[in-house]
Amino acid sequence: MQTKFKRHQAVKIIRLPDPDRIEWYADEQPLQKGMKGTINILLPNGQYHVLLNDKAGNVLCYAPFNEEDIELA
C-alpha cells in the first residue's frame, strides 16, 4: 500500500475531522484549519490517526484523517 505520509511526520490539517470521531486528550477546544499535528499511526481503513497539538504544543486530541485532509507542515 502506497502512503503519502509516514509515522511521526509533522502535518497541518486542511479539513476538520468528524466531531464524533475525535478522541479528546485534554479539555475540548475549538479545532481550526491549519492546526499542526503529527502522524500517529496508519489505520487499517487507509486513514491516518493524527495527534493534534494546541498552540503551546500540548496534546489536544487524536483524530482520523483522510490523505486529502492533511498536508506536510
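Described below are features of the structure shown in this document. Treat the numbers as computed from the prediction; the structure is a model and nothing was measured. (Residues numbered from 1 in each chain as written. Predicted model: local features only at pLDDT ≥ 70, side-chain atom pairs only at ≥ 80, totals over all residues. Heavy atoms only, no water.)

### Let's talk about the pattern of salt bridges
Scanning all chains against the criterion turns up two salt bridges. Here E71 and K12 are joined by a salt bridge, their closest N and O atoms 3.4 Å apart. You can see E71 sitting in strand β6 (residues 70-72) and its partner K12 sitting in strand β1 (residues 10-13), a full 59 residues away along the chain. With a shortest N-O distance of 2.5 Å, R15 and D69 are connected by a salt bridge. Here D69 lies in the loop between β5 (59-65) and β6 and R15 lies in the loop between β1 and β2 (23-24), a separation of 54 residues in the sequence. For R15, a relative accessible area of 45% corresponds to the partly exposed category. Residue classification places D69 among the buried positions, given a relative accessible area of 11%. (Salt bridge = Lys/Arg side-chain N within 4 Å of Asp/Glu carboxyl O. Helix = DSSP H or I, 4+ residues; strand = E, 2+ residues; numbered from the N terminus. Buried < 20%, exposed > 50% of the residue type's maximum accessible area, 1.4 Å probe, protein only.)

### Thoughts on the environment of A63
Considering the arrangement of structural elements, one finds A63 in strand β5. Separated by 35 residues in sequence, A63 and E28 have C-alpha atoms that sit 13 Å apart.

### Digging into the sheet that holds strand β4 (residues 48-53)
If you trace the six strands from one edge of the open sheet to the other, you get β2-β5-β4-β3-β1-β6, paired in antiparallel fashion. Only two strands of the sheet have a single partner each, and these edge strands are β2 and β6. Strand direction decides the pairing type here: β1 and strand β3 (residues 36-42), joined by three bridges, are antiparallel. Following the sheet pairing, A10 is matched in β3 by T38. (Pairing = 2+ DSSP bridges.)

### A closer look at the layout of surface pockets
One water molecule sets the probe size; rolling that probe over the atoms shows where empty space is left. Computed from the structure, the largest pocket encloses a volume of approximately 200 Å³. Lining the largest pocket we find Q29, P30, Q32, K33, G34, M35, K36, N53, D54, K55 and L60. When the residues that make up the lining of the largest pocket are grouped by side-chain class, the tally is three nonpolar, four polar and four charged. (1 Å grid on protein atoms, 1.4 Å probe; cavity = no way out; pocket = protein on both sides within 12 Å on 5 of 7 lines; lining within 4 Å. Points joined across faces, edges and corners; volume = space filled by probe spheres on them. Nonpolar A, V, L, I, M, F, W, Y, C, P; charged D, E, K, R; others polar.)

### Regarding the pairing of β5
The element β5 is largely enclosed, with a buried count of five among its seven residues. Strand direction decides the pairing type here: β4 and β5, joined by six bridges, are antiparallel. Note that in β5 the partner of L51 across the bridge is Y62.

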